[in-house]
Amino acid sequence: MYERIFRFLGSIKLAVPLLTVIIGILIWGTFYEAKVGSATVQYEVYKSPWFDALMFLLALNLAVAALSRYPWRGPRKIGFAIAHLGIIVIIAGSAAVIHLGVEGVIPLRTDSGLNNEIRVEGDFLEVMDPQGKISQADLFIKPNGSVNVNQVGGISLIGYTNNAIETIKFVEAGTANNLAVRLSFHSNNMGQNLETWLAQAPEEYHKVGIGPTELELVTVANETELKEAISPPSEENPYPWGQLKITSSEGEIGDIPVKENLAQNLTLEDNIQIKIINFWPDFQIDENRQPITLSPLVRNPVIQLEIEAPEGRERMFLFGRGDFAPIRYLVSGEAISSLQLNYEVQLQPTEDYFRVITTPTGELYYAAHSSKGFKSGSLEIGTPTTPGWADFQITLEEVIPHGRPQPQVVPVNNPQIQGIPALLVKTEEKTKTWLPWGEAKTIPTPEGEAFAAFGPKLIQLPFQIALEDFIIDRNEGDDSIAMWTSKIRIEDPEQGIVTQRNVWMNHPTWYKGWKIAQASWDPNDLQQSTLQVKREPVWVTSLTWSGSAFIVLGIIIMFYAPSLNNSQ
Amino acid sequence: MKLLKFLIGLCLGLLILILPLSQWQVSDLEPLQTLAVQLDGRKKPLDTVAREQVTQIHGSTHYRQDNGEVEDYFPTYLSLWFNQRDWNQEPFILFSYRPLKEQVGLDPERKYFSFQELISSDLPRIFNSAKQKESQGLDLTRDEREALTVADRMTLMVNIVGNDNLPLIPHPSDIKGKWVGFEAGETYYQPAQMVPIRETYQSMKVIYGEETENLGAMGSNLGTALRELSPEVYPAPELLQREVNFSALHFFGKAWKLYILAFLAMVFGLWFQQLDFYWGAIGIFVAGLGIQSYGFIARMTIAGRPPVTNMYESVVWVAFGVAAVALLFELIYRAKYYLLAAAPLAAASLVLADSLPAILDPSIKPLVPVLRDNFWLSIHVPTITLSYASFALAMGLGHIILGYYLFAPRARDKITSLSRLNYRVLQVGVLLLTTGVILGGIWAHFAWGRFWGWDPKETWALIALLSYLVPLHGRLVGWLSNFGMGVASVVCFNSVIMAWYGVNFVLGQGLHSYGFGTGGSELIIASLVGVDLLFVLAATVRHKGWFAKSESAVSQSPQV
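Residues numbered from 1 in each chain as written. Chains lettered and ligands numbered in written order. Predicted model: local features only at pLDDT ≥ 70, side-chain atom pairs only at ≥ 80, totals over all residues. Heavy atoms only, no water.

Novice: What is the right way to read the overall build of chain A from this model?
Specialist: Helix and strand counts for chain A come out as eight helices and 33 strands. The globule rule puts the C-alpha radius of gyration for 568 residues at 24 Å, and the 37 Å found for chain A is more than 25% above it. The C-alpha extent of chain A, read off along each of the three principal axes, is 120 × 65 × 50 Å. A burial count over chain A gives 42% of its 568 residues as buried. Sequence separation of at least 24 residues holds for 51% of the intrachain contacts in chain A that already meet a minimum separation of 6. Measuring between centres, the 43 positive side-chain charges of chain A sit 17 Å from its 64 negative side-chain charges. (Helix = DSSP H or I, 4+ residues; strand = E, 2+ residues; numbered from the N terminus. Rg over C-alpha atoms; globule rule 2.2 N^0.38 Å. Buried < 20%, exposed > 50% of the residue type's maximum accessible area, 1.4 Å probe, protein only. Contact = heavy atoms within 4.5 Å. Lys, Arg positive; Asp, Glu negative; His and termini not counted. Charge placed at Lys NZ, Arg CZ, Asp CG, Glu CD.)

So this is what it looks like as structure tokens:
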């Protein structure tokens, strides 16, 4: 019985179906890879235990086949044995390359110093429980969001999102008055659902911008202020582009509305000439260092003017917003010191806004403005109002009189929001917490606080690398890239060694068994270069190489030595 | 006697190389052809620029004018460059995709259109929106891709016509420095040096088409003047001349004709046995192989790099490999069938390489960084592709074997000996592919830091190897007969096609991305494979006697 099994294990009748199965899996694997990407296939197929088992079975088949045919008489048998044992060696070597090698990338910049942390494929979760016991796990997250590990250090991993944002929520603190309200936005047409908090404090929750609209929490002190807040806005601003006020030592000598007087030559008090050359309602300096306007809305108005007084002639930029001092250029003569120029302008209120108004008695009202006009009314929890922005509905979801801000991580479904990955974990007490990628977080438990950190898997190198220069060669007379080279410095404080190396395509450098090779670079940032750092034990390399030699030699002997023998 | 016949065949073959004699005539324009231009990352003769650009716009190296006169690419290019005709109205631009022609309101029956016709059609609207989509990184439809191709041809043509900025003026000192056009010459040289050069250029423009015989002398003056500007940087005349000759002689085009001729000679030899032209056929075949090898070496020296770096070169190399392996076996076994199987395959590969410039781009371009400066590239890729060539030869032999099973199943001796011949070729293929895969692993150890990483190209090379090992082992336990091995030689070649072409064009994934491309050729290949499999099925039906009533299945032949 055993002999039959043994013979089967070494037989072609096992080898042929086994090879056929492997071929089938590999074909499927390459097509699957085109669909889901290399990392997933590596994890699910090539580095999986069942694939290892398959390879082991093949190696066993080869070993039994080769050994059971001992003694190997004649060149054909000898070649057969060498080739087949060579395959076993190479399978072992390749498996060791895949499983025992350490491989990662190290991002370097010419303008930053030494680095010794390499980023390894996959992610990492570290948990410290209230007693200080540390547990760690390597995570593999598939494109569909499933995680390979369920439990680390007493907390369960129950979810993952690749798009989460860190925001603040307000909780009832029962101490100081700090009204906080939670509003939800819903649009059927745009398929959007958003939530946001408004609060009296901190400052940034007082007024929140969502796209082109502005949300604000307004506190009124009395009935009059309330009436004003919920009444439609008053008539048009008479000076939409503001006014230029000029004062001399004798007092105000000019009051020039900008819009009406743009590009006009104006004379004041006989001896003062002034011309407003340019007006930018929403001023910004573009990448060519030229002034431009971002929008036609008067948000950050700036005027440029030229003024001539008896002392001299000057050009200047005046800013309507903030406390920016004017920028002045002397054209001729001396600087004009006798005149004071002020640019006064009322910033254009945002066209679309939604204000939540709170009275001293705690009543809530709203006032909304849109292209469709002004709306106001009282605001109650759960009753949607329509401000007039497309089909958006705004609902007051929650009111917290004594709000205290508390940071939180929430997953978002909106692909326009660029978030970070986050892992959802649950303690034994069923407390759920999102762990943002690359940050440590505390998790409250009855015994105290636990800490958890979800982030990249990093390995410390025994030496440090700095990027000294990154050089790009282009093809002659052309912008296409011929080669790129990283000039690096390796510092090994333990050995007291500092060495300079060049790394370029196909030309890695080796340091203490670590191979350092050019991995990638960023065409938009030539100060940055990413190197691949890799190490595999010497015996692994020698296994694959000697296996290679055996196979080729074995095949040659097997195929051609017998005929050489015959012809002799 | 054998030697005589061989020499007759060889001379016959070399005659093809020499004929037509007109190709050896030195054209009046020859001095212009060897002007050096720095374009697409290397210095090349104007002749090559003209050939590449005319081919890109017109899809052919010849242009048949409205009056029926056929003009070669070089005069056509000069006429464009000197803006000497009304190129706006000449129907010169290739536009072959029918559905798009219909959509933009152009005559679908016509192949070539003038710039004027295209620009006033509905086409600009489509390629403008396609460009917009492309810049946003969106996927394009077939219509849009075709529209962009035509738009590229139009842009290229506009850029050639009257172009005074062709980089003909060498950099004064740096061998890799940027060359400039006539207009910008003063940035490098004194006006006193530039003025005569520009004058020559201007007068060449004027006399072109009128006194073409003087053009050569002026071109020669221009060439000398340009060389004298920067003799260290300007390429040697021999180098430029060699590339011009390489294009003019068109070695690969001659080689496939010789392969066909050798094939026909061999077939006639088989039909009329008394003729015995075996050695003559071998002679012709050797001439073909010799011409192809010479062409390949010439291309290597011009490009200054290993022989196989892209899809085009690999197809030409496989043609060479098929012929070389076949010749080797032919010389050992004198079996006739190696040559019979190899000649059509080698010819077909070369014709394919010659006729699909859009998919298999023959122009010599600088290598991508991964492939540069590399010892392994020059041994790993040729070894792998040589193994593909061996398997292609086995595939050809497999067809002959299955042909016998289909049409002459009683010729058992023939089948047995053919199977033996086929087995030898499969052995070579297995040895070369194994070696090639291993060499690739060693290169990957240096380049990517690991011997084996299941990259799709690696994996498919292994799949191809394993799919030949399965029948070879199955044969040992009697699961496959001669018939089965014939089927395997044909069917397993599909795994080679997948490893060679499919990974680059179908999967488009992985580290070997420098070979990737798109060409819409998948359907053609898939249908060829389909037809071939039908042939295998037909042979199987006949062999197994599935639909025959009385005919008993052919019994298994003895093992090889």
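Novice: I keep staring at the domain arrangement of chain A and nothing clicks. Help me out?
Specialist: Accessible area lost upon the coming together of the parts is a frequently used measure of interface size. With domains assigned, chain A is organised as domain 1 (2–99 + 541–567), domain 2 (102–117 + 459–538), domain 3 (177–233 + 350–401) and domain 4 (243–339). Relative to domain 3 of chain A, the C-alpha centre of domain 1 of chain A lies at a distance of 71 Å. (Domains from an automatic or database assignment.)

Novice: Is there a simple way to explain the sheet that holds strand β11 (residues 251–257) of chain A in this structure?
Specialist: Strands belonging to one sheet form pairs held by backbone hydrogen bonds; the direction of such a pair is parallel or antiparallel. All names here are of chain A. The three strands lie next to each other as β11-β10-β19, forming an open sheet whose pairing is antiparallel. Bordering the open sheet on either side are β11 and β19 (340–344), each of which pairs with just one other strand. Averaged over all neighbouring strand pairs, the angle between strand axes comes to 20 degrees, with direction disregarded. Of the pairings in the sheet, the one linking strand β10 (residues 243–248) to β19 comprises five bridges and is antiparallel in character. Note that in β19 the partner of threonine 247 across the bridge is glutamine 340. (Pairing = 2+ DSSP bridges. Axes fitted to C-alpha atoms, helices over the stretch in contact; angles between N-to-C directions.)

Novice: Hey, could you run me through the pattern of salt bridges in this one?
Specialist: Side-chain pairs of opposite charge can arise where the charged atoms are in close proximity. Residue and element names in this part refer to chain A. Applying the stated rule across the entire model yields 31 salt bridges over all chains. With a closest N to O distance of 2.8 Å, arginine 109 and aspartate 111 form a salt bridge. With a relative accessible area of 27%, arginine 109 lands in the partly exposed category. Aspartate 111 gets classed as partly exposed once you look at its relative accessible area, which sits at 48%. Through salt bridges with shared partners, one network takes in Arg109, Asp111 and Asp525. (Salt bridge = Lys/Arg side-chain N within 4 Å of Asp/Glu carboxyl O.)

Novice: How should the packing of aromatic side chains be read in this particular structure?
Specialist: Aromatic ring pairs are described here by two measures, namely the spacing of the ring centres and the angle between the planes. All chains considered together, the criterion is met by 51 aromatic pairs over all chains. Residues tyrosine 388 of chain B and tryptophan 500 of chain B carry aromatic rings whose centres are separated by 5.8 Å and whose planes lie at 40 degrees to one another, so their mutual orientation is tilted. One end of the pair, tyrosine 388 of chain B, is in helix α16 (residues 377–407); the other, tryptophan 500 of chain B, is in helix α20 (residues 493–507), and 112 residues separate them in sequence. The class for tryptophan 500 of chain B is buried, based on a relative accessible area of 14%. Taken together, the aromatic side chains of Phe246, Phe251, Phe252, Tyr294, Phe296, Trp317 and Phe320 of chain B make up a single cluster linked through ring pairs. For arginine 355 of chain A, the ring lying beneath its charged end belongs to tyrosine 353 of chain A, and the centroid distance is 3.8 Å. (Phe/Tyr/Trp six-rings, centres within 6.5 Å; stacked < 30°, edge-to-face > 60°. Lys NZ or Arg CZ within 6 Å of the ring centre and 35° of its normal.)

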